[in-house]
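Observations on the three-dimensional arrangement
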Amino acid sequence: MARKIIIDTDPGQDDAVAILLALASPELDILGITCVAGNVPLALTQRNARIICELAGRPDVPVFAGASRPMVRSLVTAEHVHGKTGLNGPELWEPGMPLRKEHAVDFIVKTLRTNRDGAVTLCVLGPLTNIALALIKAPDIAEHIHEIVLMGGGSFEGGNVTPAAEFNIYVDPHAAKVVFSAGIPLVVMPLDLTHQTLTTRDRVARFAGMGSKVGSFTAEMLGFFERFDMEKYGSAGAPLHDPNVIAYLLRPEIYGGREVNIEIETESMLTLGMTVVDWWRVSGRGANATFMREVDDHAFFNLLFERFESFVDS
Ligand code: RIB
Ligand code: CA
(Lines give C-alpha, C1' and ligand atoms only; values in the text may rest on other atoms or scores of the structure.)
(Ligands and ions follow the chains in the order given, each with its own letter.)
Protein backbone atom coordinates (compact mmCIF):
# COMPACT_ATOMS: atom_id res chain seq x y z
CA MET A 1 0.00 0.00 0.00
CA ALA A 2 1.55 3.31 -1.07
CA ARG A 3 2.26 5.84 1.69
CA LYS A 4 -0.15 8.79 1.59
CA ILE A 5 1.56 12.17 1.58
CA ILE A 6 0.78 15.85 1.12
CA ILE A 7 3.67 17.99 -0.14
CA ASP A 8 3.61 21.60 1.10
CA THR A 9 6.04 23.64 -0.93
CA ASP A 10 7.42 26.95 -2.27
CA PRO A 11 9.08 25.91 -5.58
CA GLY A 12 12.07 26.78 -5.82
CA GLN A 13 14.43 24.56 -7.82
CA ASP A 14 15.19 22.26 -4.89
CA ASP A 15 11.48 21.91 -4.12
CA ALA A 16 10.99 20.97 -7.78
CA VAL A 17 13.55 18.16 -7.53
CA ALA A 18 11.80 16.92 -4.39
CA ILE A 19 8.40 16.91 -6.13
CA LEU A 20 9.85 15.07 -9.14
CA LEU A 21 11.43 12.48 -6.84
CA ALA A 22 8.05 11.91 -5.18
CA LEU A 23 6.31 11.66 -8.57
CA ALA A 24 8.87 9.04 -9.66
CA SER A 25 8.32 6.91 -6.56
CA PRO A 26 5.42 4.42 -6.62
CA GLU A 27 5.87 3.90 -2.87
CA LEU A 28 4.27 7.32 -2.40
CA ASP A 29 0.67 8.37 -3.03
CA ILE A 30 0.65 12.16 -3.41
CA LEU A 31 -2.82 13.23 -2.26
CA GLY A 32 -2.08 16.83 -3.16
CA ILE A 33 0.54 19.56 -3.48
CA THR A 34 -0.18 22.66 -1.37
CA CYS A 35 1.72 25.83 -2.17
CA VAL A 36 2.87 28.63 0.09
CA ALA A 37 4.64 31.96 -0.38
CA GLY A 38 8.34 31.62 0.30
CA ASN A 39 11.14 31.51 -2.25
CA VAL A 40 8.91 33.61 -4.50
CA PRO A 41 5.35 34.96 -4.05
CA LEU A 42 2.42 32.52 -4.00
CA ALA A 43 1.29 33.34 -7.56
CA LEU A 44 4.63 31.92 -8.73
CA THR A 45 4.99 29.00 -6.32
CA GLN A 46 1.58 27.62 -7.30
CA ARG A 47 2.40 28.16 -10.99
CA ASN A 48 5.77 26.45 -10.60
CA ALA A 49 4.23 23.44 -8.85
CA ARG A 50 1.89 22.98 -11.82
CA ILE A 51 4.75 23.33 -14.30
CA ILE A 52 6.62 20.55 -12.47
CA CYS A 53 3.56 18.27 -12.49
CA GLU A 54 3.13 18.85 -16.24
CA LEU A 55 6.84 18.27 -16.86
CA ALA A 56 6.47 14.88 -15.14
CA GLY A 57 3.36 14.07 -17.17
CA ARG A 58 1.18 14.26 -14.05
CA PRO A 59 -1.44 17.01 -14.62
CA ASP A 60 -3.77 14.84 -12.53
CA VAL A 61 -2.04 15.74 -9.25
CA PRO A 62 -4.19 18.29 -7.37
CA VAL A 63 -2.35 21.58 -6.75
CA PHE A 64 -3.67 24.14 -4.27
CA ALA A 65 -2.72 27.70 -3.33
CA GLY A 66 -2.38 28.48 0.37
CA ALA A 67 -1.01 31.36 2.39
CA SER A 68 0.25 34.37 0.44
CA ARG A 69 2.24 35.68 3.44
CA PRO A 70 3.46 34.58 6.86
CA MET A 71 1.15 34.62 9.90
CA VAL A 72 2.60 37.76 11.50
CA ARG A 73 5.67 39.04 9.64
CA SER A 74 5.65 40.42 6.12
CA LEU A 75 6.88 38.10 3.38
CA VAL A 76 10.60 37.75 2.73
CA THR A 77 11.44 36.03 -0.57
CA ALA A 78 14.65 34.62 -2.13
CA GLU A 79 14.72 35.68 -5.80
CA HIS A 80 18.47 36.23 -5.43
CA VAL A 81 18.82 32.46 -4.99
CA HIS A 82 16.04 31.09 -7.20
CA GLY A 83 15.67 33.87 -9.79
CA LYS A 84 12.64 36.03 -10.46
CA THR A 85 10.47 33.10 -11.56
CA GLY A 86 11.55 30.86 -8.70
CA LEU A 87 12.54 28.24 -11.29
CA ASN A 88 15.18 30.14 -13.27
CA GLY A 89 17.44 28.03 -15.49
CA PRO A 90 15.15 26.13 -17.89
CA GLU A 91 12.57 27.62 -20.23
CA LEU A 92 9.19 27.76 -18.50
CA TRP A 93 5.64 27.81 -19.81
CA GLU A 94 2.18 28.83 -18.64
CA PRO A 95 0.73 25.60 -17.17
CA GLY A 96 -2.47 24.27 -18.71
CA MET A 97 -3.51 22.17 -15.71
CA PRO A 98 -5.87 24.09 -13.41
CA LEU A 99 -5.11 25.28 -9.92
CA ARG A 100 -7.75 23.72 -7.63
CA LYS A 101 -10.25 26.21 -6.24
CA GLU A 102 -10.13 24.95 -2.63
CA HIS A 103 -7.71 26.80 -0.33
CA ALA A 104 -4.68 24.70 0.59
CA VAL A 105 -5.45 24.94 4.30
CA ASP A 106 -9.00 23.64 3.74
CA PHE A 107 -7.62 20.81 1.59
CA ILE A 108 -5.15 19.83 4.34
CA VAL A 109 -7.90 19.86 7.01
CA LYS A 110 -10.39 17.94 4.87
CA THR A 111 -7.83 15.36 3.77
CA LEU A 112 -6.66 14.68 7.32
CA ARG A 113 -10.23 14.38 8.57
CA THR A 114 -11.05 11.85 5.86
CA ASN A 115 -7.77 9.92 6.16
CA ARG A 116 -7.79 9.44 9.91
CA ASP A 117 -5.60 7.53 12.35
CA GLY A 118 -2.17 8.56 11.17
CA ALA A 119 -2.60 7.65 7.55
CA VAL A 120 -1.05 10.81 6.08
CA THR A 121 2.51 12.19 6.24
CA LEU A 122 3.06 15.92 5.67
CA CYS A 123 6.20 16.70 3.66
CA VAL A 124 6.99 20.38 4.24
CA LEU A 125 9.51 22.05 1.95
CA GLY A 126 8.92 25.76 2.65
CA PRO A 127 7.73 28.12 5.40
CA LEU A 128 5.27 26.35 7.69
CA THR A 129 2.42 28.87 7.31
CA ASN A 130 -0.13 26.50 5.73
CA ILE A 131 0.53 23.78 8.30
CA ALA A 132 0.21 26.17 11.24
CA LEU A 133 -3.00 27.69 9.88
CA ALA A 134 -4.49 24.22 9.39
CA LEU A 135 -3.62 23.28 13.00
CA ILE A 136 -5.13 26.52 14.31
CA LYS A 137 -8.27 26.16 12.21
CA ALA A 138 -8.74 22.46 13.07
CA PRO A 139 -6.72 21.32 16.10
CA ASP A 140 -8.37 17.89 15.82
CA ILE A 141 -6.26 17.06 12.76
CA ALA A 142 -3.04 16.78 14.79
CA GLU A 143 -3.84 13.22 15.90
CA HIS A 144 -4.43 12.13 12.31
CA ILE A 145 -0.96 13.15 11.07
CA HIS A 146 1.43 10.20 10.91
CA GLU A 147 4.43 12.53 11.05
CA ILE A 148 5.69 15.80 9.61
CA VAL A 149 8.98 15.58 7.71
CA LEU A 150 10.31 19.07 7.04
CA MET A 151 13.32 20.83 5.62
CA GLY A 152 14.23 23.68 7.93
CA GLY A 153 16.39 25.01 10.70
CA GLY A 154 20.01 24.50 11.58
CA SER A 155 22.25 24.29 14.62
CA PHE A 156 25.98 23.66 14.31
CA GLU A 157 25.78 24.89 10.70
CA GLY A 158 24.18 28.22 11.71
CA GLY A 159 21.72 29.96 9.44
CA ASN A 160 21.57 30.83 5.73
CA VAL A 161 19.44 33.95 5.84
CA THR A 162 20.83 35.38 9.09
CA PRO A 163 23.74 34.00 11.12
CA ALA A 164 21.12 32.29 13.33
CA ALA A 165 18.20 31.38 11.08
CA GLU A 166 17.48 29.13 8.10
CA PHE A 167 15.10 30.57 5.44
CA ASN A 168 11.98 28.38 5.90
CA ILE A 169 11.87 29.04 9.63
CA TYR A 170 12.96 32.68 9.34
CA VAL A 171 10.18 33.56 6.88
CA ASP A 172 7.48 32.43 9.32
CA PRO A 173 8.90 31.76 12.81
CA HIS A 174 5.45 32.05 14.39
CA ALA A 175 4.12 29.25 12.17
CA ALA A 176 7.17 27.16 13.02
CA LYS A 177 6.50 27.72 16.73
CA VAL A 178 2.91 26.47 16.30
CA VAL A 179 4.07 23.33 14.47
CA PHE A 180 6.99 22.53 16.80
CA SER A 181 4.71 22.78 19.85
CA ALA A 182 1.80 20.75 18.45
CA GLY A 183 3.03 17.41 19.79
CA ILE A 184 3.14 15.87 16.29
CA PRO A 185 6.07 13.55 15.44
CA LEU A 186 8.60 15.73 13.58
CA VAL A 187 11.57 14.73 11.45
CA VAL A 188 13.76 17.75 10.70
CA MET A 189 16.19 17.97 7.76
CA PRO A 190 18.29 21.02 8.73
CA LEU A 191 21.17 22.80 7.04
CA ASP A 192 23.49 20.62 9.14
CA LEU A 193 22.28 17.77 6.94
CA THR A 194 21.49 19.40 3.59
CA HIS A 195 24.90 21.05 3.38
CA GLN A 196 26.26 17.50 2.92
CA THR A 197 24.20 16.81 -0.25
CA LEU A 198 25.91 19.02 -2.82
CA THR A 199 25.06 19.29 -6.52
CA THR A 200 28.61 18.83 -7.81
CA ARG A 201 29.42 19.27 -11.51
CA ASP A 202 29.42 15.57 -12.28
CA ARG A 203 26.11 15.08 -10.50
CA VAL A 204 24.48 17.87 -12.54
CA ALA A 205 26.01 16.35 -15.69
CA ARG A 206 24.41 13.01 -14.77
CA PHE A 207 20.94 14.61 -14.99
CA ALA A 208 21.83 16.31 -18.27
CA GLY A 209 23.01 13.00 -19.70
CA MET A 210 19.72 11.19 -19.04
CA GLY A 211 18.42 12.21 -22.47
CA SER A 212 14.96 13.09 -21.14
CA LYS A 213 13.07 16.38 -20.79
CA VAL A 214 13.02 15.90 -17.02
CA GLY A 215 16.76 15.22 -16.91
CA SER A 216 17.61 18.30 -18.99
CA PHE A 217 15.15 20.51 -17.10
CA THR A 218 16.66 19.37 -13.80
CA ALA A 219 20.23 20.00 -14.96
CA GLU A 220 19.26 23.50 -16.15
CA MET A 221 17.50 24.24 -12.85
CA LEU A 222 20.49 23.08 -10.81
CA GLY A 223 22.92 24.93 -13.07
CA PHE A 224 21.17 28.17 -12.11
CA PHE A 225 20.40 27.26 -8.48
CA GLU A 226 23.97 26.31 -7.55
CA ARG A 227 25.70 29.52 -8.62
CA PHE A 228 24.62 31.55 -5.55
CA ASP A 229 25.57 28.97 -2.90
CA MET A 230 28.83 27.93 -4.56
CA GLU A 231 29.96 31.55 -4.41
CA LYS A 232 28.64 32.04 -0.86
CA TYR A 233 30.17 28.87 0.60
CA GLY A 234 33.03 28.37 -1.82
CA SER A 235 31.79 24.79 -2.07
CA ALA A 236 32.00 22.32 -4.96
CA GLY A 237 28.24 22.52 -5.43
CA ALA A 238 25.02 23.82 -3.90
CA PRO A 239 23.18 22.11 -1.05
CA LEU A 240 20.19 20.26 -2.49
CA HIS A 241 17.91 20.84 0.50
CA ASP A 242 14.30 19.73 -0.06
CA PRO A 243 14.69 16.34 -1.81
CA ASN A 244 16.10 15.02 1.49
CA VAL A 245 12.54 15.14 2.87
CA ILE A 246 11.26 12.76 0.19
CA ALA A 247 14.41 10.62 0.18
CA TYR A 248 13.92 10.07 3.93
CA LEU A 249 10.52 8.48 3.23
CA LEU A 250 12.08 6.17 0.64
CA ARG A 251 15.43 5.36 2.31
CA PRO A 252 15.29 6.27 6.00
CA GLU A 253 18.33 4.10 6.64
CA ILE A 254 20.67 6.59 4.87
CA TYR A 255 19.90 9.21 7.53
CA GLY A 256 21.00 9.55 11.15
CA GLY A 257 19.95 11.92 13.88
CA ARG A 258 18.81 12.31 17.46
CA GLU A 259 15.52 12.92 19.30
CA VAL A 260 15.98 16.36 20.85
CA ASN A 261 14.10 19.43 21.99
CA ILE A 262 13.87 22.20 19.41
CA GLU A 263 12.39 25.60 20.25
CA ILE A 264 11.86 28.47 17.83
CA GLU A 265 13.00 32.03 18.57
CA THR A 266 10.15 34.45 17.79
CA GLU A 267 11.09 37.48 19.95
CA SER A 268 14.73 38.52 19.47
CA MET A 269 15.39 40.52 16.31
CA LEU A 270 19.00 39.28 16.40
CA THR A 271 18.13 35.57 16.38
CA LEU A 272 14.54 35.60 15.03
CA GLY A 273 13.73 32.23 13.41
CA MET A 274 16.57 30.38 15.10
CA THR A 275 15.96 26.71 15.83
CA VAL A 276 17.35 26.36 19.35
CA VAL A 277 18.42 22.69 19.24
CA ASP A 278 19.14 21.08 22.62
CA TRP A 279 21.56 18.54 21.12
CA TRP A 280 23.27 17.81 24.48
CA ARG A 281 19.91 17.70 26.32
CA VAL A 282 20.86 20.36 28.90
CA SER A 283 17.56 22.25 28.98
CA GLY A 284 15.39 19.59 30.61
CA ARG A 285 12.78 20.28 27.95
CA GLY A 286 11.14 17.21 26.40
CA ALA A 287 12.22 15.98 22.97
CA ASN A 288 9.81 17.10 20.21
CA ALA A 289 11.71 16.26 17.02
CA THR A 290 14.30 14.06 15.35
CA PHE A 291 17.10 16.37 14.22
CA MET A 292 18.96 14.71 11.35
CA ARG A 293 22.73 15.32 11.07
CA GLU A 294 24.09 12.39 9.04
CA VAL A 295 23.34 11.36 5.48
CA ASP A 296 24.99 9.03 2.96
CA ASP A 297 25.12 11.61 0.16
CA HIS A 298 26.20 9.02 -2.42
CA ALA A 299 23.16 6.89 -1.62
CA PHE A 300 21.01 10.05 -1.74
CA PHE A 301 22.16 11.00 -5.24
CA ASN A 302 22.06 7.40 -6.47
CA LEU A 303 18.41 7.31 -5.39
CA LEU A 304 17.76 10.54 -7.29
CA PHE A 305 19.52 9.23 -10.42
CA GLU A 306 17.76 5.85 -10.26
CA ARG A 307 14.31 7.44 -9.92
CA PHE A 308 14.89 10.25 -12.46
CA GLU A 309 16.01 7.67 -15.05
CA SER A 310 12.41 6.41 -14.92
CA PHE A 311 11.21 9.63 -16.60
CA VAL A 312 11.08 8.88 -20.31
CA ASP A 313 9.86 11.27 -22.98
CA SER A 314 6.48 10.27 -24.40
O1 RIB B 1 16.90 27.17 3.41
C2 RIB B 1 16.58 26.31 2.34
C3 RIB B 1 15.11 26.23 2.15
O4 RIB B 1 14.60 27.52 1.81
C5 RIB B 1 14.70 25.31 0.99
O6 RIB B 1 13.44 24.76 1.25
C7 RIB B 1 14.62 26.26 -0.17
O8 RIB B 1 13.70 25.82 -1.18
C9 RIB B 1 14.05 27.48 0.49
O10 RIB B 1 12.63 27.33 0.58
CA1 CA C 1 11.62 25.09 -0.37
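Topic: the side chain of Glu 226
Considering the arrangement of structural elements, one finds Glu 226 in helix α10 (residues 213-233). Note on Glu 226: relative accessible area 4%, which makes it buried. Excluding anything up to four places from it in sequence, Glu 226 contacts Thr 199, Arg 201, Val 204, Gly 237 and Ala 238.

Considerations on the environment of Val 178
Considering the arrangement of structural elements, one finds Val 178 in helix α7 (residues 173-180). Measuring from C-alpha to C-alpha, the distance between Val 178 and Leu 135 comes to 8.0 Å, with 43 residues separating the pair along the chain.

A word on the packing of helix α1 (residues 13-23) against α10
It is at 9 Å that the axes of α1 and α10 come closest, and there the two elements cross at 155 degrees. Accordingly, the angle class assigned to the pair α1 and α10 is roughly antiparallel. With respect to the hand of their crossing, α1 and α10 are arranged in left-handed fashion. Of the residues in α10, those touching α1 at Gln 13, Asp 14, Ala 16, Val 17 and Leu 20 are Val 214, Thr 218, Met 221, Leu 222, Phe 224 and Phe 225. Looking at the contact of α1 with α10 residue by residue, the classes come out as eight nonpolar, two polar and one charged.

Some details on the layout of surface pockets
Over the atoms, a rolled probe matching the size of one water molecule traces out where space is still vacant. The calculated volume of the largest pocket comes to roughly 280 Å³. Residue lining of the largest pocket: 24 residues in total, with Val 81, His 82, Asn 160, Phe 167 and His 241 positioned closest to the centre. Looking at the lining of the largest pocket, the elements with two or more residues in it are α1, α3 (79-82), α6 (167-171) and α10. Take the lining of the largest pocket: its biggest share by element is five residues, from α10. In terms of residue class, the lining of the largest pocket is made up of ten nonpolar, seven polar and seven charged.

A few points about the confidence of the model for the protein
When the pLDDT values of the protein are averaged, the result is 97; 100% of them are 70 or greater. Mean pLDDT values for the elements of the protein range from 91 in α10 up to 99 in strand β3 (residues 63-65).

A word on the site of ligand 1
Taken together, the residues surrounding ligand 1 are Asp 10, Asp 14, Asp 15, Asn 39, Leu 125, Met 151, Asn 160, Glu 166, Phe 167, Asn 168, His 241 and Asp 242. At 2.8 Å from an oxygen atom of ligand 1 is found a main-chain nitrogen or oxygen belonging to Leu 125. At a threshold of 2 Å from the grid points, most atoms of ligand 1 map onto the largest pocket. Looking at the shell around ligand 1, the elements that each hand over two or more residues are α1 and α6. Partitioning the shell around ligand 1 into residue classes produces three nonpolar, four polar and five charged.

Calculation rules
Residues numbered from 1 in each chain as written. Chains lettered and ligands numbered in written order. Predicted model: local features only at pLDDT ≥ 70, side-chain atom pairs only at ≥ 80, totals over all residues. Heavy atoms only, no water. Helix = DSSP H or I, 4+ residues; strand = E, 2+ residues; numbered from the N terminus. Buried < 20%, exposed > 50% of the residue type's maximum accessible area, 1.4 Å probe, protein only. Contact = heavy atoms within 4.5 Å. Axes fitted to C-alpha atoms, helices over the stretch in contact; angles between N-to-C directions. Parallel < 35°, antiparallel > 145°, perpendicular 65-115°, else oblique. Left-handed = near helix turned anticlockwise from the far one by under 90°. Nonpolar A, V, L, I, M, F, W, Y, C, P; charged D, E, K, R; others polar. 1 Å grid on protein atoms, 1.4 Å probe; cavity = no way out; pocket = protein on both sides within 12 Å on 5 of 7 lines; lining within 4 Å. Points joined across faces, edges and corners; volume = space filled by probe spheres on them. pLDDT = per-residue confidence, 0-100. Near = heavy atom within 4 Å. Polar contact = N/O pair within 3.5 Å; in protein donor to acceptor, adjacent residues only side chain to side chain. Sits in = over half its atoms within 2 Å of the grid points.

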